[in-house]
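Chain by chain, the residues:
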Amino acid sequence: MMTVDLRSDTVTKPTPGMLEAMWSAKVGDDVFGEDETVNTLETKLAGIFGMEAGLFCPSGTMTNQIAIKCFTQPLDELIADQASHVYRYEGGGIAFNSAVSTRLLHGDRGRITAEIIEPEINAENVHYPRTSLVVLENTVNKGGGSCYTLEDIKPIAALCSAKGLKLHLDGARIFNALTRTGDSASDYGQYFDGISVCLSKGLGAPVGSVLLASKETIKYGRRVRKVLGGGMRQAGFLAAAGIYALDNHIERLKIDHAHAALLAEALKGHSWVKNVLPADTNLVLFDTHEPAEKILAKLLEKGIKANSTDTHRIRFVTHLDINQEMVAYVIGALA
Ligand SMILES: *Cc1c(COP(=O)(O)O)cnc(C)c1O
């Protein structure tokens, strides 16, 4: 029986080429700023997005939390969609790390607009927390991989700039969004104060995320990273995997998207499936008539691993370690 792991795009293992790049990395003590592979990764990714500097961190949670700390003061408020990772899946870190409250909006599959943000910006008044930051997510994880185009983002950036708010992008799957929309990464930098990019999701590196921002923000962010325990030493072995991923695993994301589309199409044909969300990128969310747990158990009997995101909602994630044969096998098993 075949085993197919559709739980997350984080389950990928380094490829032989990636391992080779890791073995041969030139390393040093990154807390001293002496790991040249880490420095190369930070500079390279900042260049790709048209931003000044980068900060390599162990996780996307850390890059997001550092950004929030950099862009707010205690007692401030940030605005984000209710589905956002920074709010739902970072352990309450916004309040814990930054002493900031969160104003939640109800967007379209996690996507918010300038129109719905503007009325939620607090006026200057001693009763209200000071609104200082807007956080967007692209693609939206809980939205089923829904994405913003740059045209969607421009009015939000203009509003933030007019109101003196910072704008951060949780771009854990930004390359999936760029693959889908055709927008270019280099155009992104001008619209955001911070961008977080995950190397361990669709790109297939074992560990790591990079925060991109201005030199000044990254200088302070480096202090915050140290406080959070994220100052790593010979981290170049990990950064090398990230560089390899940027060079080799972006182009192929369209394969993951095609696989997701095939799975979504196949799901639509089955009576036990209630509803399938549009599979815009590499995430397929679908609702089931029976409890998700029951369906997941049946899938597991056939060697197919997946997760539920709600009592009656299942998520399939396609990634580097899912090939055409596996997709065909899953489609057969769904019947
Ligand atoms: C995975 C993910 C992160 C970061 O998660 P880590 O597991 O901490 O690396 C951040 N945002 C989104 C949208 C994610 O899917």
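Procedures and definitions
Counting of residues starts from 1 at the beginning of each chain's written sequence and follows it residue by residue. Where local features are concerned, this predicted model is filtered to residues with pLDDT of at least 70; where side-chain atom pairs are given and counted, the filter is 80 or more; whole-chain, interface and lining totals use all residues. Side-chain measures here rest on the full set of heavy atoms in the structure, leaving out hydrogens and waters. Only protein atoms enter the 1 Å grid used here. Points where a 1.4 Å probe fits but cannot escape make up a cavity, open sets with protein on both sides within 12 Å along at least five of seven lines make up a pocket, and a residue lines them when an atom lies within 4 Å of a point. Grid points are joined across faces, edges and corners, and a volume is the space filled by probe spheres set on the points. Counting from the N terminus, the helices are DSSP H or I runs at least four residues long and the strands are E runs at least two residues long. In this count, Pro and Cys sit with the nonpolar residues alongside Ala, Val, Leu, Ile, Met, Phe, Trp and Tyr, while Asp, Glu, Lys and Arg are called charged and the others, Gly among them, polar. Marked domain ranges trace back to an automatic or database domain assignment. The term salt bridge refers to a side-chain nitrogen of Lys or Arg lying within 4 Å of a carboxyl oxygen of Asp or Glu. Note on classification: 1.4 Å probe, protein chains only; a residue is buried when its accessible area is under 20% of the maximum for its type, exposed when over 50%, partly exposed between these limits. We define a polar contact as two N or O atoms separated by no more than 3.5 Å, with the added condition that, inside protein, one atom must be a possible hydrogen donor and the other a possible acceptor, whereas residues neighbouring each other in sequence contribute only through side-chain atom pairs. We call two residues in contact whenever any of their non-hydrogen atoms come within 4.5 Å of each other.

(A) Region of interest: the layout of surface pockets. Estimates place the volume of the largest pocket at around 150 Å³. Lining the largest pocket are Arg7, Ser8, Tyr89, Asn141, Lys142, Arg173, Lys201, Asn307, Ser308, Thr309 and Arg315. At three residues, strand β12 (residues 307-310) tops the list of elements feeding residues into the lining of the largest pocket. When the residues that make up the lining of the largest pocket are grouped by side-chain class, the tally is one nonpolar, five polar and five charged. Each of domain 1 (4-11 + 251-334) and domain 2 (16-248) accounts for three or more of the residues forming the lining of the largest pocket.

(B) Seen up close, the pattern of salt bridges. What the rule picks out here adds up to 19 salt bridges. Measuring nitrogen to oxygen at the nearest pair gives 2.7 Å for the salt bridge that ties Lys44 to Asp247. Within this pair, whereas Lys44 is found in helix α2 (residues 36-49), its partner Asp247 is found in helix α10 (residues 236-248), the two being separated by 203 residues in sequence. On the basis of relative accessible area, Lys44 is assigned to the partly exposed category, the value being 28%.

(C) Region of the structure containing the side chain of Asn64. Here Asn64 is to be found in helix α3 (residues 60-71). Among the residues examined, Asn64 registers a relative accessible area of 1% and is labelled buried. Within the local environment of Asn64, its side chain forms a polar contact with the side chain of Glu90, the two groups lying 3.0 Å apart. Contact partners of Asn64, with chain neighbours within four places excluded, come to Val86, Glu90, His168, Asp170 and Ser196.

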